[in-house]
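Listed here are the chains, written in short residue letters.
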Amino acid sequence: MNARVPVGIVNALTVDVEDYFQVSAFESHIDRGDWDGTPRRVEANVDRILALLARHDARATFFTLGWLAERHPDMVRRIVGAGHELASHGYSHGRAHDQLPVEFLDDIRRAKALLEDLSGHVIRGYRAPSFSVGPRNPWAFECIAKAGYRYSSSVYPIRHDHYGAPASPRFPHEVHPGLMEVPVATVRLMNTNLPAGGGGYFRLLPYAVSRWSLARINRVDGRPAMFYFHPWELDPEQPRIAGISAKTRFRHYLNLDRTEARLSRLLRDFRWDRVDRVFLDGVQ
Ligand SMILES: [Zn+2]
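First, a word on scope: everything that follows refers to the structure included in this document. If you're wondering where the values come from, they're calculated on a predicted model, not measured in any experiment.

With respect to the overall build of the protein
Counting secondary structure elements, the protein contains 10 helices and 11 strands. Taking the principal axes of its C-alpha atoms as reference, the protein extends roughly 50 × 45 × 35 Å. By the burial criterion, 56% of the 284 residues in the protein qualify as buried. Long-range contacts, defined here as pairs at least 24 residues apart, represent 78% of the contacts in the protein between residues at least 6 apart. Surface summary for the protein: the accessible area is close to 12,100 Å², and the carbon and sulfur share equals 51%. Treating the 38 positive side-chain charges of the protein as one cloud and the 33 negative ones as another, the clouds have centres 8 Å apart.

This is the structure:
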């Protein structure tokens, strides 16, 4: 597990900015109509992330939910002011495959316009909630391109019960004229793609596994890796959601008190930057 970490490759660090009650696994337990009445913790958690990144002098891409950006404009300005890339996680966190193309297009256009108004920057990146874009809904890439995005990071090429497209390419590729898909990192072992780009796996498995996997992608594939996490994953004090299954509870709350220390190690062990600088060099 002590793979040498290549020093030359810069990887892409990303944050999906959504609050603890907006995760897809809770959507049948928390009504969207109740979001406004639910205490939000996202701004304080994003501030912890900004401080952590500043300590390591690292920049990242923040895929931000439009619904939250509208309610926390100063948070959006702090993200941009610290030199990070602002990108879109859509407006209302609906999965792409649960929507009609016209609804999906409306949602991602609304988020882009809102984030551009708040930040004064062109928004180039989009990530679908729960990696809900893939071979079963190729129309979604067409919508993402039509909305004016230049890259998507909406595919996790692994096998998973809620998402995943194990046969999709592991590295950036054009999915529609003018639109590139930059998948979340996987490590290829015994003809299988294993998750290496964050999410619950980063909290579930020992840190050494993540370190080994990312180092292998850099060293064996010779490629940068795409890693992601959420603000609520650094917040062990978040209110507990009632009535969820044991599996969902385990996945959501496991090792929340360890995430920040693990991210610190990740920031120390590898080099990180924004997605646009790592993967879009030369793309306008
Ligand atoms: Zn999300």
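Here we look at a nonpolar patch on the surface
Taken together, the side chains of Leu 204, Leu 205 and Phe 250 make up a nonpolar region of the molecular surface, amounting to roughly 260 Å² of accessible area. You can see Leu 205 is positioned in the loop between α6 (200–204) and α7 (207–221).

Comments concerning the coordination of the zinc ion
Coordination of the zinc ion by the protein comes from Glu 18 (OE), His 89 (NE2) and His 93 (NE2), over a distance range of 1.9 to 2.1 Å. Here the donor residues of the zinc ion are spaced in sequence according to E-x70-H-x3-H. With Glu 18 in the loop between β1 (10–17) and α1 (42–55) and His 89 in the loop between β3 (85–88) and α4 (101–119), this residue pair connects regions lying 71 residues apart in the sequence. On the accessibility criterion, Glu 18 (4% relative accessible area) is buried. Here His 89 falls in the buried class, since its relative accessible area comes to 1%.

Re the side chain of Asp 269
Positionally, Asp 269 belongs in helix α9 (residues 259–269). The class of Asp 269 is buried, set by a relative accessible area of 16%. One polar contact links Asp 269 to Arg 268, side chain to side chain, over a distance of 3.5 Å.

Description of the pattern of salt bridges
Considering all chains together, one arrives at 19 salt bridges under this definition. Among the ionic pairs, Glu 260 bridges to Arg 48, the shortest N-O distance being 2.6 Å. Within this pair, whereas Glu 260 is found in helix α9, its partner Arg 48 is found in helix α1, the two being separated by 212 residues in sequence. Between Glu 70 and Arg 71 there is a salt bridge; the shortest N-O distance is 3.4 Å. Accessibility expressed as a relative area gives 36% for Glu 70, which makes it partly exposed. Judged by its relative accessible area of 27%, Arg 71 falls in the partly exposed class. Salt bridges sharing common partners tie together Asp 36, Arg 40, Glu 70 and Arg 71.

Remarks on the pairing of strand β9 (residues 192–195)
Bridge count between strand β8 (residues 186–189) and β9: four bridges; the pairing is antiparallel. When the bridges of β9 are listed, Leu 189 appears paired with Thr 192. Counting the residues in the hairpin turn of β8 and β9 gives two residues, including Met 190, whose phi is positive at 50°.

Comments concerning the packing of α4 against helix α5 (residues 139–146)
With their axes 9 Å apart at the nearest point, α4 and α5 run at an angle of 35° to one another. Note that α4 runs across α5; the crossing there is right-handed. Between α4 and α5, the residues in contact are Pro 101, Phe 104, Leu 105, Ile 108 and Arg 109 and Trp 139, Ala 140, Cys 143, Ile 144 and Lys 146, respectively. Residue composition of the contact of α4 with α5, grouped by class: eight nonpolar, no polar and two charged.

Quick notes on the packing of α1 against α9
Relative to each other, α1 and α9 sit at 30°, their axes nearing to 10 Å. Of the possible angle classes, the one that applies to α1 and α9 is roughly parallel. Crossing of α1 against α9: the hand is right-handed. Facing Arg 48, Leu 52, Leu 53 and Arg 55 of α1, the residues of α9 in contact are Glu 260, Leu 263, Ser 264 and Leu 267. Residues belonging to the contact of α1 with α9 are distributed by class as follows: four nonpolar, one polar and three charged.

Some thoughts on the nonpolar core
Counting 73 residues, the largest nonpolar core has Phe 62, Ile 144, Tyr 149, Leu 214, Phe 227, Leu 266 and Trp 272 as its most contacted members. Among the elements that make up this core, the one with the highest residue count is α4 (seven residues). The residues contacting Phe 227, other than those within four sequence positions of it, are Ala 12, Leu 13, Thr 14, Ala 196, Gly 197, Gly 198, Phe 202, Leu 214, Leu 263, Leu 266 and Trp 272. Core analysis: the next-biggest nonpolar cluster, separate from the first, contains 16 residues, Ala 12, Phe 63, Ile 158 and Val 278 among them.

The rules behind these values
- Residues numbered from 1 in each chain as written.
- Predicted model: local features only at pLDDT ≥ 70, side-chain atom pairs only at ≥ 80, totals over all residues.
- Heavy atoms only, no water.
- Helix = DSSP H or I, 4+ residues; strand = E, 2+ residues; numbered from the N terminus.
- Buried < 20%, exposed > 50% of the residue type's maximum accessible area, 1.4 Å probe, protein only.
- Contact = heavy atoms within 4.5 Å.
- Areas by Shrake-Rupley, 256 points an atom, 1.4 Å probe, with all protein chains shown as cover.
- Lys, Arg positive; Asp, Glu negative; His and termini not counted.
- Charge placed at Lys NZ, Arg CZ, Asp CG, Glu CD.
- Patch = residues over 30% accessible without salt bridge, like charges linked within 9 Å, V, L, I, M, F, W, Y side chains within 5 Å.
- Salt bridge = Lys/Arg side-chain N within 4 Å of Asp/Glu carboxyl O.
- Donors = N, O, S within 2.8 Å, 3.2 Å for Na, K, Ca; no water.
- Polar contact = N/O pair within 3.5 Å; in protein donor to acceptor, adjacent residues only side chain to side chain.
- Pairing = 2+ DSSP bridges.
- Axes fitted to C-alpha atoms, helices over the stretch in contact; angles between N-to-C directions.
- Left-handed = near helix turned anticlockwise from the far one by under 90°.
- Nonpolar A, V, L, I, M, F, W, Y, C, P; charged D, E, K, R; others polar.
- Parallel < 35°, antiparallel > 145°, perpendicular 65-115°, else oblique.
- Core = buried A, V, L, I, M, F, W, Y, C linked by side-chain atoms within 4.5 Å.

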